[in-house]
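# Notes for the structure review
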Amino acid sequence: MSACGQGAAGQAQVPSTEKVVAGASVQGTLPPAVLDPCALLGPRDRSSAGLNVLGVPKEINGARACDWTVPATFGVTITVDEKNGLADLEIARKTATRTKVGDREALKVADKKAADGTCAVLLGMGDKASVQIDVSNTNFTDTPLACERAVTVAGLAEPKLP
């Protein structure tokens, strides 16, 4: 039985210039339909992001997702949306800030007034697809820390996106 995002024992790390699909690396651009959200964070990436757990595949509203939960600390969910680009997503303007992650258009979404310890970074993949990185602090406080974590994870996942 293999865990999400882990390769076989002794397998070399995937260089960041390669795209990751279901634990295998391939060269070139991949359609969003073949992206494995759990494979977007390899062991080194998880360590950099403070994730000492493996991702658990799940589905959110028909979209493929992967969830990492560090007990009593925070959780990260990465969702691949094959149908909605950044322009298609309904986001309250007062909570979204346009930004870039690498060379990719992105939105950082956090309700600073709610101060609920949650933040999301949405990365565009062309006009009709996106990847969403959601971070929730377990104690539901410290929204700036949640955003720092979301930006870190987005930066680690972005080079692997088509």
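Look up: the structure comes first, before these words.
Read on for a plain summary of the structure. If you're wondering where the values come from, they're calculated on a predicted model, not measured in any experiment.

Let us look at the pattern of salt bridges. What the rule picks out here adds up to five salt bridges. Measuring nitrogen to oxygen at the nearest pair gives 3.2 Å for the salt bridge that ties Glu158 to Arg104. Note that Glu158 is positioned in the segment after helix H2 (143–157) and Arg104 in strand S7 (residues 104–109), a separation of 54 residues in sequence. Using a relative accessible area of 13% as the deciding quantity, one classes Arg104 as buried.

Here we come to the packing of aromatic side chains. Scanning the entire structure with this criterion turns up zero aromatic pairs. Above the plane of the ring of Phe74 lies Arg149, whose end atom (NZ or CZ) is 4.0 Å from the centre.

Throughout the structure, instances matching the rule amount to two disulfides. In this model Cys38 forms its disulfide with Cys66; the gap between the sulfur atoms is 2.0 Å. A torsion of 95 degrees about the S-S bond marks the disulfide between Cys38 and Cys66 as right-handed. Separated by 28 residues along the polypeptide, Cys38 in the loop between strand S2 (24–26) and helix H1 (43–48) and Cys66 in strand S4 (residues 63–70) bring together distant segments of the chain. Owing to a relative accessible area of 0%, Cys66 belongs among the buried residues under this scheme. Each disulfide pairs two cysteine sulfurs, and for Cys119 the partner residue is Cys147, the sulfurs being separated by 2.2 Å. One quick way to see it: the torsion about the S-S bond of Cys119 and Cys147 is about 95 degrees, and its sign makes the bridge right-handed. Of this pair, Cys119 sits in strand S8 (residues 118–124) while Cys147 sits in helix H2, placing them 28 residues apart in sequence. Residues Cys119 and Cys147 agree in their burial class; the two are buried.

Right, let's get into the sheet that holds S8. With antiparallel pairing, the seven strands of this open sheet are ordered in space as S3-S4-S5-S9-S8-S7-S6. A single partner strand is all that each edge strand has here, and the edge strands are strand S3 (56–60) and strand S6 (96–101). Across the sheet, the axes of successive neighbouring strands diverge by a mean angle of 25 degrees, strand direction being ignored. Bridge count between S4 and strand S5 (residues 74–81): seven bridges; the pairing is antiparallel. In the sheet register, Trp68 faces S5, and the bridge partner there is Val76.

Turning to the pairing of S5, a few remarks are in order. In terms of burial, S5 is largely enclosed, as eight of its eight residues are buried. With burial as the criterion, each face of S5 is covered, one bearing Phe74, Val76, Ile78 and Val80 and the other bearing Gly75, Thr77, Thr79 and Asp81. In sequence, S4 turns back onto S5 through a hairpin of three residues, with Ala72 there showing a positive phi of about 60 degrees. As paired elements, S5 and strand S9 (residues 130–137) share eight bridges and run antiparallel to each other. By the bridge assignment for S9, Ile78 is matched with Ile133.

What counts, and at which threshold
Residues numbered from 1 in each chain as written. Predicted model: local features only at pLDDT ≥ 70, side-chain atom pairs only at ≥ 80, totals over all residues. Heavy atoms only, no water. Salt bridge = Lys/Arg side-chain N within 4 Å of Asp/Glu carboxyl O. Helix = DSSP H or I, 4+ residues; strand = E, 2+ residues; numbered from the N terminus. Buried < 20%, exposed > 50% of the residue type's maximum accessible area, 1.4 Å probe, protein only. Phe/Tyr/Trp six-rings, centres within 6.5 Å; stacked < 30°, edge-to-face > 60°. Lys NZ or Arg CZ within 6 Å of the ring centre and 35° of its normal. Disulfide = S-S within 2.5 Å. Pairing = 2+ DSSP bridges. Axes fitted to C-alpha atoms, helices over the stretch in contact; angles between N-to-C directions.

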